Amino acid sequence: MVGQWYDSEAIASWEQRFRASLINSISGYKPANLIGTDDATSGENLAIMSSVVHLGAAPPLLGLVIRPDSVDRHTLRNIRSSGCYTINHVASDYFKAAHQTAARYPDEVSEFDAVGLTPQRLSDFAAPFVAEAPIKIGLELRQEIPIELNGTHFIIGEVVHLFVGDSLVSDQGDLDLEKAGVVALSGLDRYYRTEFIDKFPYAKPT
């Protein structure tokens, strides 16, 4: 394929916003998730993120990368203080509202109220879910790993609550994300609908 090679010197020379946008895109499509947290002092918080990764099924663990806390990161602060948070898939019928949670609202403003999404509570869990989400995950903080290379934080949580919309899970445990209507993210602000292509049997040497 015709294209252009870039070395580290060229990458370092790019304008800051251009570099941030392109490097955020090169990992490919990523999940669009709303992270719900709460704090006894500041109240509910909701933030869109695209850095959730699977870490294991037994116990069920998910990882989340949070940007450096050189400025006040409400999500990180709330996870630390409450020990729990939610991950909510973003669906195509409210992705614009979800994206708006990236705005820097004051601490006393709930993003739920600001963008018109609905908080949903479980009596035994401190963090709010997004009522509109077809897939909702409640996690308890298990480990925080500071990444010294760039000041980010890797949050590891264990799944303790899970909601999946009707008829989204097959008998084999497959989750139908296309039927759920969830969207994917590339970079910081490009959203995509997903399309199922095929399913394969367990791969073995031929």
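It should be noted that the structure appears before, not after, this text.
Residues numbered from 1 in each chain as written. Predicted model: local features only at pLDDT ≥ 70, side-chain atom pairs only at ≥ 80, totals over all residues. Heavy atoms only, no water.

Asker: Talk me through a nonpolar patch on the surface; I want residue IDs and the actual numbers.
Answerer: On the surface, a nonpolar cluster with roughly 370 Å² of combined accessible area is contributed by Phe18, Leu22, Ile23 and Ile26. Under the relative-accessibility criterion, isoleucine 23 is labelled partly exposed at 39%. (Patch = residues over 30% accessible without salt bridge, like charges linked within 9 Å, V, L, I, M, F, W, Y side chains within 5 Å. Areas by Shrake-Rupley, 256 points an atom, 1.4 Å probe, with all protein chains shown as cover. Salt bridge = Lys/Arg side-chain N within 4 Å of Asp/Glu carboxyl O. Buried < 20%, exposed > 50% of the residue type's maximum accessible area, 1.4 Å probe, protein only.)

Asker: Before we move on, could you go through the side chain of threonine 152 and cite the residues and values that matter?
Answerer: Considering the arrangement of structural elements, one finds threonine 152 in strand 10 (residues 152-164). For threonine 152, a relative accessible area of 10% gives the class buried. Reaching out from threonine 152, the side chain makes a polar contact with the side chain of asparagine 150 at a distance of 2.7 Å. Leave out the neighbours within four places in its chain, and threonine 152 touches Val65, Ile66, Arg67, Pro68, Ile145, Pro146 and Ile147. (Helix = DSSP H or I, 4+ residues; strand = E, 2+ residues; numbered from the N terminus. Polar contact = N/O pair within 3.5 Å; in protein donor to acceptor, adjacent residues only side chain to side chain. Contact = heavy atoms within 4.5 Å.)

Asker: Break down the pairing of strand 9 (residues 135-147) for me, citing the residues and quoting the values.
Answerer: The pairing of strand 6 (residues 84-89) with strand 9 spans five bridges and is classified as antiparallel. Of the residues in strand 9, the one forming a bridge with isoleucine 87 is isoleucine 137. The sheet contact formed by strand 9 and strand 10 spans 12 bridges and is antiparallel. The partner of glycine 138 across the bridge, within strand 10, is histidine 161. (Pairing = 2+ DSSP bridges.)

Asker: Break down the sheet that holds strand 11 (residues 183-186) for me, citing the residues and quoting the values.
Answerer: Read from one edge to the other, the open sheet built from three strands follows the order 1-11-12, with strand pairing classed as antiparallel. Across the chains shown, the open sheet's two edge strands, defined by having one partner strand only, are strand 1 (30-31) and strand 12 (190-193). As paired elements, strand 11 and strand 12 share four bridges and run antiparallel to each other. By the bridge assignment for strand 12, leucine 185 is matched with tyrosine 191.

Asker: Residues and numbers for unusual backbone geometry, please.
Answerer: Most peptide bonds are trans, and most residues other than glycine sit at a negative phi. The omega torsion across alanine 58 and proline 59 is 0°, close enough to zero to call that bond cis. Within the secondary structure, proline 59 sits in the loop between strand 4 (52-57) and strand 5 (60-66). A positive phi angle, close to 60°, is found at serine 167, a residue other than glycine. Locating serine 167 in the fold gives a position in the loop between strand 10 and helix 6 (177-180).

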